[in-house]
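# Residue-level structural notes
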Amino acid sequence: LEDTAPSDATRAFERLGDEFHDYNEARVSSISELERVFEGTTAPEWKALRVRSVLTFVFESFYAYEFESLKRKNTDQAKRFLSRVPYLSLFPRSYALNLALGTHLVPLDESMRDAGIWLGLDSKGHSPQRAGNLLRPGIRKDDVEKFCGLLRCLAYDQRVHAEIEVPADAVSDDFSLDTM
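Overview of the structure. (Residues numbered from 1 in each chain as written. Predicted model: local features only at pLDDT ≥ 70, side-chain atom pairs only at ≥ 80, totals over all residues. Heavy atoms only, no water.)

### Quick look at the overall build of the protein
When its secondary structure is counted, the protein shows 11 helices and zero strands. The C-alpha atoms of the protein give a radius of gyration of 17 Å, which matches the 16 Å a tight globule of 180 residues would have. Per-residue burial for the protein yields a buried fraction of 36% across its 180 residues. When contacts within the protein are restricted to residue pairs at least 6 apart in sequence, those whose partners lie at least 24 apart make up 57%. About 10500 Å² of surface is accessible on the protein, with carbon and sulfur atoms providing 51% of the total. One finds the centroid of the 23 positive side-chain charges in the protein at a distance of 8 Å from the centroid of its 30 negative side-chain charges. (Helix = DSSP H or I, 4+ residues; strand = E, 2+ residues; numbered from the N terminus. Rg over C-alpha atoms; globule rule 2.2 N^0.38 Å. Buried < 20%, exposed > 50% of the residue type's maximum accessible area, 1.4 Å probe, protein only. Contact = heavy atoms within 4.5 Å. Areas by Shrake-Rupley, 256 points an atom, 1.4 Å probe, with all protein chains shown as cover. Lys, Arg positive; Asp, Glu negative; His and termini not counted. Charge placed at Lys NZ, Arg CZ, Asp CG, Glu CD.)

As structure tokens, then:
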């Protein structure tokens, strides 16, 4: 999902299941073979490397492809575990912690952060993780998934995408919706 439209992410996940017999076959495939799965998304080679890295890490840790043990860990243990996965950015770590453990995190990618800036929920200069941390107190734990889903839909809606992609130097600190 990171920096990818939800529909494109769903198609990539379906192609992963269609092109590879199972996760083990994907784990031992080359990056270029996995890259085909992510065609049409941003940075397909990077996503292929990360998927193979996650599959390898999970398999070598558990000899199976499941995160049930992650659900049995407390938040600090789960954060430490996920931080050891090579090439994994903060977005999928936060997303996994929120989804698997129900941790009160707001996982944002760059496009979602930019949509939040456009809505006036954040100001420029923050990383997606910092923006998520600033939004967290204002979003109920039970509403994080819905909020992120709606923000993701806005961020990738082609009708407003051009408006959201404001160059960094064009957004001032006194930004408001009235100036758009």
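### What about the pattern of salt bridges?
Going through the model one piece at a time under the given rule, you end up with seven salt bridges. Measuring nitrogen to oxygen at the nearest pair gives 3.7 Å for the salt bridge that ties aspartate 142 to arginine 140. Residues aspartate 142 and arginine 140 agree in their burial class; the two are exposed. We note a salt bridge from aspartate 157 to arginine 159, for which the minimum N-O separation is 2.8 Å. In this structure, a network of salt bridges that share partners links the residues Arg140, Asp142 and Asp143. (Salt bridge = Lys/Arg side-chain N within 4 Å of Asp/Glu carboxyl O.)

### Here we look at the nonpolar core
Grouped together as the largest cluster of nonpolar side chains are 17 residues, with contacts concentrated most on Val106, Leu108, Met112 and Cys148. Those elements that place two or more of their residues in this core are α8 (110-119), α9 (128-135), α10 (144-155) and α11 (158-164). The biggest single contributor to this core is α10, with four residues. The contacts of valine 106, once residues within four sequence positions are left out, are Gly132, Arg136, Ile139, Val144, Phe147 and Cys148. If you look at the next biggest cluster of nonpolar residues, it comprises 10 residues, including Phe57, Leu70, Val85 and Ala96. (Core = buried A, V, L, I, M, F, W, Y, C linked by side-chain atoms within 4.5 Å.)

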